[in-house]
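Chain residues, written in single-letter form:
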Amino acid sequence: MDVLPPGQSAAPLAPFGLPAFAARRPRVPAAPVVTVTGAVRRPAQVPAAELTRLGRAETHSGLHCVTTWSALGLRWEGVPFAAVHAHLAGRVAPGRAARWVTFTGLDGYRSTLLLDDALAPGVLLADVLDGAPLTADHGAPLRLVAPAHYGYKSVKHVCAIEYRAGYDPGSAGWKAHPRGRVALEERSRYLPGRLWRPLWRTLLPRARAAYDDLRG
Ligand SMILES: Nc1nc2c(c(=O)[nH]1)N[C@H]1C(S)=C(S)[C@@H](COP(=O)(O)O)O[C@H]1N2
Ligand SMILES: [Mo]
């Protein structure tokens, strides 16, 4: 379960993301809402509390960042995205064309998954980490956890779910991969993953510093 994937080194979990988002610390709303839009018949605003009441589950997994660090042994609790999707389906009625799903965070960060990847077992909208309510550092009020995919797919502070007919690269732009599967080292759609390892290892300290500076 807790095996280091190819090209990764173990590291403690610390707040991280694209440097441009380091300074954006969203205020966690008292009554969070998730907006559901895109290729749907009836867009809706759904209270997060309505989603976190659905059948709850636990996922034990690592968080694997493309920049080559992996935090291992995390215990996430929340609602399987498959259950959220089933709950939403009757309400917003996604069209048959909706093969992709884009998650947006309160900081404006966006990332897209293939809908089938988001529906896989173990993918959660999580609100608890290691037995404690999710903190703002790690994505309160709700974050996506997609264990088979690189960390950039696990959007923190989820406030919107958009069903889409096509892939949208989101905040990581051309550096992202449409699937981002860790086992296949899909770090980016351009160049094989192994070639990205040394590049990311060089860039990592700067990206890390952007987050560490804020925490003092
Ligand atoms: N909203 C939001 N979600 C995000 C990011 C971000 O900058 N903003 N960064 C992603 C990246 S690149 C990684 S590796 C993980 C880091 O999760 P952590 O901060 O809990 O360590 O969050 C992902 N989700
Ligand atoms: Mo990442």
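Throughout, residues of each chain are indexed from 1 in the direction in which the sequence is written. The naming scheme follows written order: chains are lettered A onward, ligands numbered 1 onward. Confidence filtering applies because this is a predicted model: local features only for residues at pLDDT of at least 70, side-chain atom pairs given and counted only at 80 or more, and all residues used for totals across whole chains, interfaces and linings. With hydrogens and water stripped out, all remaining heavy atoms of the structure feed into the side-chain values.

Caption draft 1: Highlighting the environment of Arg189. Its location among the elements puts Arg189 in the loop between strand S11 (158–164) and helix H4 (193–215). On the basis of relative accessible area, Arg189 is assigned to the partly exposed category, the value being 44%. Between the C-alpha atom of Arg189 and that of His177, which follows or precedes it by twelve residues, the distance is 4.5 Å. Contacts are assigned to residue pairs with any non-hydrogen atoms lying within 4.5 Å of each other. When near neighbours in sequence (up to four residues on either side) are disregarded, Arg189 contacts Tyr167, Trp174, Ala176, His177 and Pro178. Think of it this way: any DSSP run of H or I at least four residues long counts as a helix, any run of E at least two long counts as a strand, and we number them from the N terminus. Three exposure classes are used, based on accessible area relative to the maximum for each residue type with a 1.4 Å probe and protein chains only: buried under 20%, partly exposed in between, and exposed over 50%.

Caption draft 2: A look at the site of ligand 1. Here a residue is near a molecule or strand as soon as one of its heavy atoms is found within 4 Å of it. With respect to spatial proximity, 22 residues lie near ligand 1, and among them Ala14, Asp107, His138, Arg143 and Lys156 are the closest. Here a polar contact is recorded for every N or O atom pair within 3.5 Å, except that within protein the pair must consist of a potential hydrogen donor and a potential acceptor, and residues adjacent in sequence are included only if both atoms are side-chain atoms. Side-chain polar atom of Asp107 to a nitrogen atom of ligand 1: 2.8 Å apart, as the coordinates give it. Within the side chain of Arg143, one N or O atom sits 2.7 Å away from an oxygen atom of ligand 1. Here, Shrake-Rupley sampling with a 1.4 Å probe gives the accessible areas, and only protein chains in the shown set may cover a residue. For ligand 1, the accessible surface in isolation is 530 Å², of which the surrounding protein chains cover 98%. Amino acids are sorted into nonpolar (Ala, Val, Leu, Ile, Met, Phe, Trp, Tyr, Cys and Pro), charged (Asp, Glu, Lys and Arg) and polar (every other residue, Gly among them). Split by residue class, the shell around ligand 1 holds 13 nonpolar, five polar and four charged.

Caption draft 3: Helix H2 (residues 81–92), seen in detail. Here H2 is twelve residues long and its end C-alpha atoms lie 15 Å apart, about the 16 Å a rise of 1.5 Å per residue gives. Buried residues of H2: Phe81, Val84, His85, Leu88 and Val92, and no others. Taken end-on, H2 shows its buried residues confined to a sector of 95°, consistent with a single buried face. Residues of H2 that are exposed and angled more than 90 degrees away from the buried face: Ala86 and Gly90. Directly beyond the C-terminal end of H2, a positive phi value near 55° is found at Ala93. Given a helix with a known number of residues, its expected span is that number minus one, times 1.5 Å. An arc is given here, and it is the one of the directions from the helix axis to the C-beta atoms.

Caption draft 4: Here's a closer look at the UniProt feature "domain: Oxidoreductase molybdopterin-binding" (unreviewed entry) in the protein chain. UniProt positions are given in the numbering used here, feature names are shortened, and annotations may be inferred rather than shown by experiment. Listed under "domain: Oxidoreductase molybdopterin-binding" (unreviewed entry) in the UniProt record, and renumbered for this structure, are residues 34–165. Regarding residues 34–165, the helix share stands at 16% and the strand share at 44%, and the terminal C-alpha atoms are separated by 20 Å.

Caption draft 5: Structural detail: the packing of aromatic side chains. Side-chain rings of Phe, Tyr and Trp (the six-membered ring for Trp) are treated as a pair once their centres are within 6.5 Å; stacked means planes under 30 degrees apart, edge-to-face means over 60, and tilted covers the remaining angles. Counting across every chain of the model gives eight aromatic pairs. Plain terms: the ring middles of Phe21 and Tyr109 are 5.4 Å apart, the flat faces sit at 85° to each other, and that makes the pair edge-to-face. Of the two residues, Phe21 sits in the loop between strand S1 (9–10) and strand S2 (33–38) while Tyr109 sits in the loop between strand S6 (100–105) and strand S7 (110–114), which places them 88 residues apart along the sequence. Both residues of the pair, Phe21 and Tyr109, belong to the buried class. A connected cluster of aromatic rings, assembled from ring pairs, spans Phe16, Trp69 and Tyr211. Two thresholds decide whether a charge sits over a ring: the Lys NZ or Arg CZ must be within 6 Å of the ring centre and within 35 degrees of the ring normal. Over the face of the ring belonging to Phe21 we find Arg24, whose NZ or CZ atom lies 4.4 Å from the ring centre.

Caption draft 6: Summary view of the nonpolar core. In plain words, nonpolar cores are sets of buried Ala, Val, Leu, Ile, Met, Phe, Trp, Tyr and Cys residues tied together by side-chain atoms within 4.5 Å. Ranked by internal contacts, the top residues of the largest apolar core, which has 59 residues, are Phe81, Val84, Leu88, Val101, Phe103, Ile161 and Tyr163. Excluding residues within four positions of it along the chain, Val101 makes contact with Phe81, Ser111, Thr112, Leu113, Leu115, Ala118, Ile161, Glu162 and Tyr163.

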